[in-house]
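Residues per chain are reported as follows:
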Amino acid sequence: MTEPVTAAAQAPGTTTGTTAPRPTDAVIRIRDLGKSFDGRRVLDDVSLDVPRGRIVSIIGQSGGGKTTLLRCVNLLERPDTGTIEVAGETVHSDGRIVCRDLARLRRTVGMVFQRFHLFPHLTAVENVMLAQVKAGVPERQALERAVVLLRRVGLAHRGLAHPDQMSGGEQQRVAIARALALKPEVLLFDEPTSSLDPEATREVLWVMRELAEEGMTMMLVTHELPFAREVSDWVAFVDGGRIIEAGPPAEVLGRPQQARTRAFLTTYESAE
Amino acid sequence: MTTAAGLFQVPWSDYRSDLLDALLKTVSYTAVSFAGAALLGLVVALLRLSRVWPLRALAAVYTELFKNIPLLAIIFLTYFGLGSVDIRLDVFTAGCLSLIVFYSAYLSEIFRAAISGIHDGQTEAGEALGLGRLSVFGHVIFPQALRLALPGTNTMLVDLLKGTSLLVTISAAELMSEARLITSSTFRALEVYLVISAVYFALCYPLSQLLLAVERAIRAGKPLTPGRRRRLSTARALLAEAPAPAGTPSPKEATA
Ligand SMILES: Nc1ncnc2c1ncn2[C@@H]1O[C@H](COP(=O)(O)OP(=O)(O)OP(=O)(O)O)[C@@H](O)[C@H]1O
Ligand SMILES: [Mg+2]
């Protein structure tokens, strides 16, 4: 976990687009991704790999395109250009969704949102069950797995609570259990602790650390730089829709090469 | 006492079976029309939220049109109006159709507001879990929208029940028509309409109280279907079992 690996397509210090030695088993492979909203370029030639069992963190200023990048991976957002491969299958190529089975893609890629988005009309355990039942898992089995997952995030005692009866940290842990329910090959996290207080943040990071130790593949947008530094195998700094700098956390966070990365880290540290 | 005795002189026992028939008629009109109006209202609401603009426009025209015409005019149009161009509907059909058309316009507004009141994140969370469009609607959006729509919908149901009394104008054999018949044979308008009003009250008040209770139960997250009740009690049993040995408790749990 601690040894830095050549986790992504880019060598540290390069700006964008250059393809460096490719890891053999990338769960997510993004190449030259471009996306505009209303004529405004939000993602520009982004290339990034998330190898199996690795954790890749995306950091950067607000509005830089981090969320958009993450949402492109499971096609909640439709990119304009470039290609995305997930688990060896091309799901998007140059503005066309080539994924034959969108539902399967989304079962392969779990997602955790900043604002949890639990289903408020269902109890925690039902939140974790729903997707399984819809995917054809027998009800009893889905329930058993939901209980196992709630236990894993330390919330078995809250299984019958509704989201509005739970704290933010509890809700986010249920959301993580829900995202794990279909045994995804990779989890996407979009600022999972940004709307949480420090105590709740600790709870959620504890769960994520456990997942990391179990070898879960993760792509993570975060402002928790110490956490990113601790768990990530690779960090990409995104600004203005481009990957400005990417590499092992010790490099990008410790010895940033790019002026913009340094500026970002400086403002971040002074804000702390 | 004398005034009360003087007030009640209609031989009500003679009318018991007629009144019962009329009551059943009122209930039938209400049940059929409400089911129809709710279904059509949902369809119109979905059309108004459609991505295809002609569908949206069509639904908007429908809603505005029937929201802004008196129910009585709609009743006359469907029964007498259509009848005059040789589209003769029987009274029950014409009555239900009028109520459906009128109330679906209102219900579609309530449903539309409820559906668009559900945060986009809910749809995205559903989609991100691999649920199809239908599942997202059926399991995520609809149950939540239903909660939001319930108070307004319940008001409309009671309003519809009372609205059936307008069908007296086409002699629909419901409570109000029966009241008019009894009045014309007994000439006791005050007594008859007092009694009929009491019958309406006796129908509407418990109904609205019941609907309020349902609202409260749903808001409290109580399982209303046997299937869900069973699922939750199985869940309770499984959750209560001894926790798995592996894993450290979370910081929260450790202190709790
Ligand atoms: N649906 C949309 N329509 C139009 N513009 C959008 C949309 N989604 C995002 N944008 C714009 O794209 C840019 C990138 O947004 P994005 O949410 O990806 O940034 P971010 O890096 O996640 O920011 P933050 O740290 O604030 O979450 C922003 O300028 C945003 O306003
Ligand atoms: Mg974001």
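Preceding block: the structure.
Residues numbered from 1 in each chain as written. Chains lettered and ligands numbered in written order. Predicted model: local features only at pLDDT ≥ 70, side-chain atom pairs only at ≥ 80, totals over all residues. Heavy atoms only, no water.

**Q** Looking at this structure, I do not really get the overall build of chain A. What am I missing?
**A** Within chain A, the regular secondary structure consists of nine helices and 11 strands. Against the globule reference of 19 Å for 272 residues, chain A gives a C-alpha radius of gyration of 18 Å, in line with a compact fold. Looking at chain A as a whole, 59% of its 272 residues qualify as buried. Sequence separation of 24 or more characterises 64% of the internal contacts of chain A that already satisfy a separation of 6 or more. As presented, chain A carries roughly 10500 Å² of accessible surface, and 46% of it is formed by carbon and sulfur atoms. Each charge sign in chain A was given a centre, from 33 positive and 35 negative side chains, and these centres are 4 Å apart. (Helix = DSSP H or I, 4+ residues; strand = E, 2+ residues; numbered from the N terminus. Rg over C-alpha atoms; globule rule 2.2 N^0.38 Å. Buried < 20%, exposed > 50% of the residue type's maximum accessible area, 1.4 Å probe, protein only. Contact = heavy atoms within 4.5 Å. Areas by Shrake-Rupley, 256 points an atom, 1.4 Å probe, with all protein chains shown as cover. Lys, Arg positive; Asp, Glu negative; His and termini not counted. Charge placed at Lys NZ, Arg CZ, Asp CG, Glu CD.)

**Q** Whenever I open this one, the site of ligand 1 confuses me. Can you help?
**A** Residue and element names in this part refer to chain A. Taken together, 14 residues lie near ligand 1, and Ser62, Gly63, Lys66, Thr67 and Thr68 sit nearest. Between glycine 63 and ligand 1, the recorded distance is 2.7 Å, taken from a backbone N or O atom to an oxygen atom. Contact between ligand 1 and glycine 65: an oxygen atom at 2.9 Å from a main-chain N or O atom of the residue. In the complex, 64% of the free accessible area of ligand 1, which totals 640 Å², lies under the protein chains. Residue assignment for the shell around ligand 1 shows that the elements contributing at least two residues are β2 (40–51) and α1 (66–73). At three residues, α1 tops the list of elements feeding residues into the shell around ligand 1. (Near = heavy atom within 4 Å. Polar contact = N/O pair within 3.5 Å; in protein donor to acceptor, adjacent residues only side chain to side chain.)

**Q** Whenever I open this one, the sheet that holds strand β8 (residues 186–190) of chain A confuses me. Can you help?
**A** Across a sheet, paired strands are connected by hydrogen bonds in the backbone, their directions being either parallel or antiparallel. Residue and element names in this part refer to chain A. Read from one edge of the open sheet, six strands run β7-β8-β9-β3-β10-β11, paired in mixed fashion. Strands at the two margins of the open sheet, each flanked by one partner only, are β7 (109–112) and β11 (242–247). If you compare each strand with its neighbour and ignore which way they point, the axes differ by 15° on average. In terms of strand pairing, β8 meets strand β9 (residues 217–221) through five bridges, oriented parallel. For valine 186, the partnering residue across the bridge sits in β9 and is threonine 217. Most of the contacts of helix α9 (residues 259–271) go to strand β10 (residues 234–239), to which it runs at about 95°, and overall it touches β3 (55–59), β10 and β11. (Pairing = 2+ DSSP bridges. Axes fitted to C-alpha atoms, helices over the stretch in contact; angles between N-to-C directions.)

**Q** Hey, could you run me through the interface of chain A and chain B in this one?
**A** Think of interface size as the accessible area that goes away when the parts come together; that is how it is often given. With 45 residues of chain A at the contact, the number on the chain B side is 36 residues. Here chain A packs against chain B, burying approximately 3400 Å² in sum over the two surfaces, 62% of which is carbon and sulfur. Of all residues in chain A, the largest losses of buried area upon contact with chain B belong to His121, Arg151 and Leu160 of chain A, amounting jointly to 18% of the total for that side. There are four salt bridges connecting chain A and chain B. Across the pair glutamate 139 of chain A and arginine 231 of chain B runs a salt bridge whose closest N-O atoms are separated by 2.7 Å. Along the contact surface separating chain A from chain B lie nine residue pairs in polar contact (both at pLDDT 80 or more). The set of elements that each furnish at least two residues to the side of chain A that touches chain B consists of α2 (102–108), β7, α3 (124–134), α4 (139–152), α5 (168–180) and α6 (198–213) of chain A. Looking at the side of chain A that touches chain B element by element, the count peaks at seven residues for α4 of chain A. Looking at the side of chain A that touches chain B residue by residue, the classes come out as 21 nonpolar, nine polar and 15 charged. (Buried area = accessible area lost by both parts, 1.4 Å probe. Salt bridge = Lys/Arg side-chain N within 4 Å of Asp/Glu carboxyl O. Nonpolar A, V, L, I, M, F, W, Y, C, P; charged D, E, K, R; others polar.)

**Q** Looking at this structure, I do not really get the pairing of β9 of chain A. What am I missing?
**A** Side chains on a regular strand alternate between the two faces of the sheet. Residues and elements named next belong to chain A. Of all the five residues making up β9, five are buried; the element is thus mostly covered by neighbouring parts of the structure. Residues of β9 alternate between two faces, with Thr217, Met219 and Val221 on one and Met218 and Leu220 on the opposite face, all of them buried. Bridging between β3 and β9 involves four bridges; their strand directions are parallel. In the strand pairing of β9, isoleucine 58 is matched with valine 221. Chirality of the crossover, the property in question, places the unit of β8, α6 and β9 among those that are right-handed. (Right-handed = clockwise from strand over helix to strand, strands pointing away.)

**Q** Before we go on, may I ask you to explain the sheet that holds β2 of chain A in this structure?
**A** All names here are of chain A. Spatially, β2-β1-β4-β5-β6 is the arrangement adopted by the five strands of the open sheet, whose pairing is antiparallel. Every interior strand has two partners, whereas the edge strands, β2 and β6 (96–97), have only one. By the bridge criterion, four bridges tie strand β4 (residues 81–86) to strand β5 (residues 89–93) in an arrangement that is antiparallel. Counted as the bridge partner of isoleucine 84 is histidine 92 from β5. Against the sheet, α1 engages β1 (26–37), β2 and β4, with an angle of about 125° to β1.

**Q** What's the story with the packing of α4 of chain A against helix α10 (residues 226–240) of chain B in this structure? I'm lost.
**A** Helix packing for two helices is described by the angle between their axes and how far apart those axes are. Interhelical geometry of α4 of chain A versus α10 of chain B gives an angle of 45° and a closest axis separation of 10 Å. Between α4 of chain A and α10 of chain B, the angle falls in the class oblique. α4 of chain A and α10 of chain B meet at a crossing whose hand is right-handed. On α10 of chain B, the residues touching Glu139, Arg140, Leu143, Glu144, Val147, Leu150 and Arg151 of chain A of α4 of chain A are Arg231, Thr234, Ala235, Leu238 and Leu239 of chain B. Its residues assigned to classes, the contact of α4 of chain A with α10 of chain B comprises six nonpolar, one polar and five charged. (Parallel < 35°, antiparallel > 145°, perpendicular 65-115°, else oblique. Left-handed = near helix turned anticlockwise from the far one by under 90°.)

**Q** When you look at the side chain of serine 47 of chain A in this model, what are you seeing that I'm missing?
**A** Residue and element names in this part refer to chain A. Its place among the elements puts serine 47 in strand β2. For serine 47, a relative accessible area of 1% corresponds to the buried category. In this structure the side chain of serine 47 is engaged in a polar contact, spanning 2.9 Å, whose partner is the backbone nitrogen of aspartate 32.

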